[in-house]
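# What the coordinates show
Next come the chains, spelled out residue by residue.
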Amino acid sequence: ANQSPFNVGKQIKLPGFNQGQILEFAKSYNLEIAPSLADILIDLVAGHPYLVRITFAALSQGNISQERLLQEAPTQGGIYSSHLLHHWDNLQKQPQLVQGLKQVLESPEGVELEPILAYRLESMGLVTLVGNQAQISCRLYQKYFGDRL
């Protein structure tokens, strides 16, 4: 009843960029970045292509330093604020998702959630599933939502 006729086909999960892919992607923004920054982005945003793109767009404009960008990343004034607020808005509309995310944030080793709840949080990209255990997908979400929930 809730499925669009346009949602046909096989659903695939795309992994985050690895270090080599991040370094190559930086070149499209005329940036030469150190492998250490690529590692930081893997830790901070799990190599999420969209968030890496936001990072490189901000760095290529030259109006923010790498240090300031990383320091402000999980804040309302950081470069990811629009992305984070979008997720925050979606969470506020569905209190059961807030409760599920709280459980995940309180259990760094992972927690088993009700299947539909785990599916929805994973579909939003907020958690990753390792077997039946839901874990927060990246440090950015850990910090941002951990400070607010």
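To keep things clear, this report deals only with the structure shown in the data block. Treat the numbers as computed from the prediction; the structure is a model and nothing was measured.

What follows concerns the overall build of the protein chain. Looking only at helices and strands, the protein chain has 8 helices and 3 strands in total. In sequence order, the secondary structure elements of the protein chain are arranged as α-α-α-α-α-α-β-α-β-β-α. Rg of the C-alpha trace for the protein chain: 16 Å, near the compact-globule value of 15 Å for 149 residues, within the 12% margin. Along the first, second and third principal axes, the C-alpha set of the protein chain runs to 45 × 35 × 25 Å. Each of the 149 residues in the protein chain was classed as buried or not, and the buried ones make up 36%. Working note: accessible area of the protein chain is about 9000 Å², and carbon and sulfur atoms make up 51% of it. On the protein chain, the mean spot of the 11 positive side-chain charges and the mean spot of the 13 negative ones are 6 Å from each other.

This part is about the nonpolar core. Residues Tyr80 and Leu140 are the most contacted members of the largest nonpolar core, which totals 41 residues. Taken together, the elements giving at least two residues each to this core come down to helix 1 (19-27), helix 2 (35-45), helix 3 (49-61), helix 5 (81-92), helix 6 (95-106), helix 7 (115-124), strand 3 (133-136) and helix 8 (139-148). With 6 residues, the single largest contributor to this core is helix 3. Leaving out residues up to four positions away in the same chain, Tyr80 has contacts with Leu41, Leu44, Val45, Leu51, Ile54, Thr55, Leu69, Ala73 and Leu140.

Here we take up the environment of Asp89. Looking at the element boundaries, Asp89 is found in helix 5. The spacing of Asp89 and Gln19 is 70 residues in sequence and 31 Å in space, taken between C-alpha atoms.

This next bit is on the sheet that holds strand 3. Taken in spatial order, the 3 strands make up an open sheet running 1-3-2, and their pairing is antiparallel. Where the open sheet ends on each side, the last strands, each with one partner, are strand 1 (111-112) and strand 2 (127-130). Across 2 bridges, the pairing between strand 1 and strand 3 is antiparallel. Residue Glu112 lies in a different strand from strand 3, and its bridge partner there is Gln133. Running at roughly 80 degrees to strand 3, helix 6 makes contact with strand 1, strand 2 and strand 3 of the sheet.

We note that Asn30 has phi near 55 degrees; this positive angle belongs to a residue other than glycine. One non-glycine residue, Ala46, adopts positive backbone phi at about 60 degrees. Tracing the chain through its elements places Ala46 in the loop between helix 2 and helix 3. Ala46 sits in the partly exposed class, given a relative accessible area of 33%.

Time to look at the pattern of salt bridges. In the structure shown here, the tally under the stated rule is 5 salt bridges. In this structure, Lys93 engages Asp89 in a salt bridge whose closest nitrogen and oxygen atoms are separated by 3.1 Å. On the basis of relative accessible area, Lys93 is assigned to the exposed category, the value being 57%.

Applying the stated criterion to the full structure yields 7 aromatic pairs. Seen in terms of ring centroids, Phe25 and Phe56 are 5.8 Å apart; in terms of plane orientation they differ by 55 degrees. Their pairing is tilted. Of this pair, Phe25 sits in helix 1 while Phe56 sits in helix 3, placing them 31 residues apart in sequence. The exposure class of Phe25 is partly exposed, given its relative accessible area of 23%. One aromatic cluster in this structure is built from Phe17, Phe25, Tyr29 and Phe56. It is Arg148 that lies over the ring of Tyr144; its NZ or CZ is 3.8 Å from the centre.

So, how was this worked out
Residues numbered from 1 in each chain as written. Predicted model: local features only at pLDDT ≥ 70, side-chain atom pairs only at ≥ 80, totals over all residues. Heavy atoms only, no water. Helix = DSSP H or I, 4+ residues; strand = E, 2+ residues; numbered from the N terminus. Rg over C-alpha atoms; globule rule 2.2 N^0.38 Å. Buried < 20%, exposed > 50% of the residue type's maximum accessible area, 1.4 Å probe, protein only. Areas by Shrake-Rupley, 256 points an atom, 1.4 Å probe, with all protein chains shown as cover. Lys, Arg positive; Asp, Glu negative; His and termini not counted. Charge placed at Lys NZ, Arg CZ, Asp CG, Glu CD. Core = buried A, V, L, I, M, F, W, Y, C linked by side-chain atoms within 4.5 Å. Contact = heavy atoms within 4.5 Å. Pairing = 2+ DSSP bridges. Axes fitted to C-alpha atoms, helices over the stretch in contact; angles between N-to-C directions. Salt bridge = Lys/Arg side-chain N within 4 Å of Asp/Glu carboxyl O. Phe/Tyr/Trp six-rings, centres within 6.5 Å; stacked < 30°, edge-to-face > 60°. Lys NZ or Arg CZ within 6 Å of the ring centre and 35° of its normal.

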